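Chain and residue survey
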Amino acid sequence: MKIDSRIYIAGHRGLVGSAICRELERRGYTNILTRTRQELDLLDTVAVNNFFAKEKPEYVVLAAAKVGGILANNTYPAEFIRDNLILQTNIIEASRMNHVERLLFLGSSCIYPKLAPQPIPESALLTGPLEPTNRPYAIAKIAGIEMCWSYNRQYGTKYLAAMPTNLYGPNDNFDLANSHVLPALIRKTAEAVAAGDDTVTVWGTGTPRRELLYSDDLAQACVFLLNLDDARYGSLLLEDAPPLINIGTGEDVTIRELAETVARVLGFKGRLVFDHSKPDGTPRKLMDVSRLHQLGWRHATELEQGIRLTWEAARKQLSFK
């Protein structure tokens, strides 16, 4: 990408989109296109088409999505599949109509089967049943991958789907009703410290393993992929395989170890209580990131450092001292 290329970040206020905007600004890009939900409703096909026709972005990062944890996915399954299918279809089709050079479609590790081999290679896609608690969201994201692949084959586009592992960082969602595991743990632990409580309750058994990637590291990986030379980028867009690449650390921890790290960072001295009546979700989700490593990118932020950075940002967001 040239320094003045027109780069549209869909979902620029979210965890992922805001990190990508920060990374582009840090690198000196001068033509970053953004719109709030009030300015552009991505579920409105006509509005999306008009925006693309007027602004003519050259590169698109599709980071907008309806996302949430186990509770939110179980409570609003129709919204998770409907809204994600509509908004990603609108953006992918508008990108084709307006000759976008490269599009990066961001998904999630939940696209892979619940009992996929560990670490999970890209080839595991569609080889087994999905985790039931987030199947509607996962199927929407799988459809987005298939759209990118189909458009590349039929229209000669250069759309790449990147599947990040579990993400965390500044601008995360800390709402206990619909957040992911790490922001939920940070919120619960912060509230326990503030209230002087001696216990923090953690959903499930604490035994599932999770890989976590700091959002700014993901942003660096996204800009790295968009800037690959034609030969290396083209190697990811094969006719006989989905245009899919994993983004992660290649390392994981148990939920118990994660909760203990959060407690250590936030200074919680009490006891962790595991609520076995709540679902564990997928037993393990560790990404095979060997393809990304072979291209020359590795994560830079280790877990405890990333949690400290996230907590510093969250203290202001949650009004904790």
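Structural notes, computed from the coordinates. Quick caveat: nothing in here was measured; it's all calculated off a predicted structure.

In this section: the packing of helix 1 (residues 15-26) against helix 7 (residues 215-226). As a packed pair, helix 1 and helix 7 sit with axes 8 Å apart at the nearest point and diverge in direction by 60°. The handedness of the crossing between helix 1 and helix 7 comes out as right-handed. Contacts between helix 1 and helix 7 pair Leu15, Val16, Ala19, Ile20, Arg22, Glu23 and Leu24 from the former with Ser215, Asp216, Leu218, Ala219, Gln220, Cys222 and Val223 from the latter. Residue classes in the contact of helix 1 with helix 7 are distributed as nine nonpolar, two polar and three charged.

Count 3.6 residues to each turn of an α-helix, and residues three or four apart come out pointing the same way. Across its twelve residues, helix 1 extends 17 Å between first and last C-alpha, which sits within 8% of the 16 Å expected from 1.5 Å per residue. Within helix 1, nine of the twelve residues are buried, which leaves it mostly tucked inside the rest of the structure. Within helix 1 the residues assigned to the buried category are Leu15, Val16, Gly17, Ser18, Ala19, Ile20, Cys21, Glu23 and Leu24. Lining the buried residues of helix 1 we find strand 1 (7-10), strand 2 (32-33), strand 3 (59-62), strand 4 (102-106), strand 6 (166-168) and helix 7. A positive backbone phi angle near 90° is found at glycine 28, which sits one or two residues after helix 1.

Let us look at the side chain of serine 5. You can see serine 5 is positioned in the segment before strand 1. On the basis of relative accessible area, serine 5 is assigned to the buried category, the value being 2%. Within the local environment of serine 5, its side chain forms a polar contact with the backbone nitrogen of lysine 2, the two atoms lying 2.9 Å apart. Leave out the neighbours within four places in its chain, and serine 5 touches Asn31, Glu58 and Tyr59.

The next subject is the state of the cysteines. Taken as a whole and judged by the stated rule, the model has zero disulfides. Cysteine cysteine 21 is unpaired, with the sulfur of cysteine 222 as its nearest cysteine sulfur at 11 Å. Among the cysteines around cysteine 110, which has no disulfide bond, cysteine 148 carries the closest sulfur, lying 16 Å off. Owing to a relative accessible area of 5%, cysteine 110 belongs among the buried residues under this scheme.

Strands in a sheet are paired, the pairing made by backbone hydrogen bonds, and the direction either parallel or antiparallel. If you trace the six strands from one edge of the open sheet to the other, you get 2-1-3-4-5-10, paired in parallel fashion. Sheet topology places strand 2 and strand 10 (244-247) at the edges, where each strand pairs with a single neighbour. The pairing of strand 1 with strand 3 spans four bridges and is classified as parallel. Each bridged residue has a counterpart across the sheet, and for isoleucine 7 the counterpart in strand 3 is tyrosine 59. Packed onto the sheet, helix 5 (residues 135-155) meets strand 4, strand 5 (159-164) and strand 10 and runs at close to 160° relative to strand 4. In the packing of helix 7 onto the sheet, the strands contacted are strand 3, strand 4, strand 5 and strand 10, and the crossing angle to strand 4 comes to about 150°.

Parameters and conventions
Residues numbered from 1 in each chain as written. Predicted model: local features only at pLDDT ≥ 70, side-chain atom pairs only at ≥ 80, totals over all residues. Heavy atoms only, no water. Axes fitted to C-alpha atoms, helices over the stretch in contact; angles between N-to-C directions. Helix = DSSP H or I, 4+ residues; strand = E, 2+ residues; numbered from the N terminus. Left-handed = near helix turned anticlockwise from the far one by under 90°. Contact = heavy atoms within 4.5 Å. Nonpolar A, V, L, I, M, F, W, Y, C, P; charged D, E, K, R; others polar. Expected span 1.5 Å × (residues − 1). Buried < 20%, exposed > 50% of the residue type's maximum accessible area, 1.4 Å probe, protein only. Polar contact = N/O pair within 3.5 Å; in protein donor to acceptor, adjacent residues only side chain to side chain. Disulfide = S-S within 2.5 Å. Pairing = 2+ DSSP bridges.

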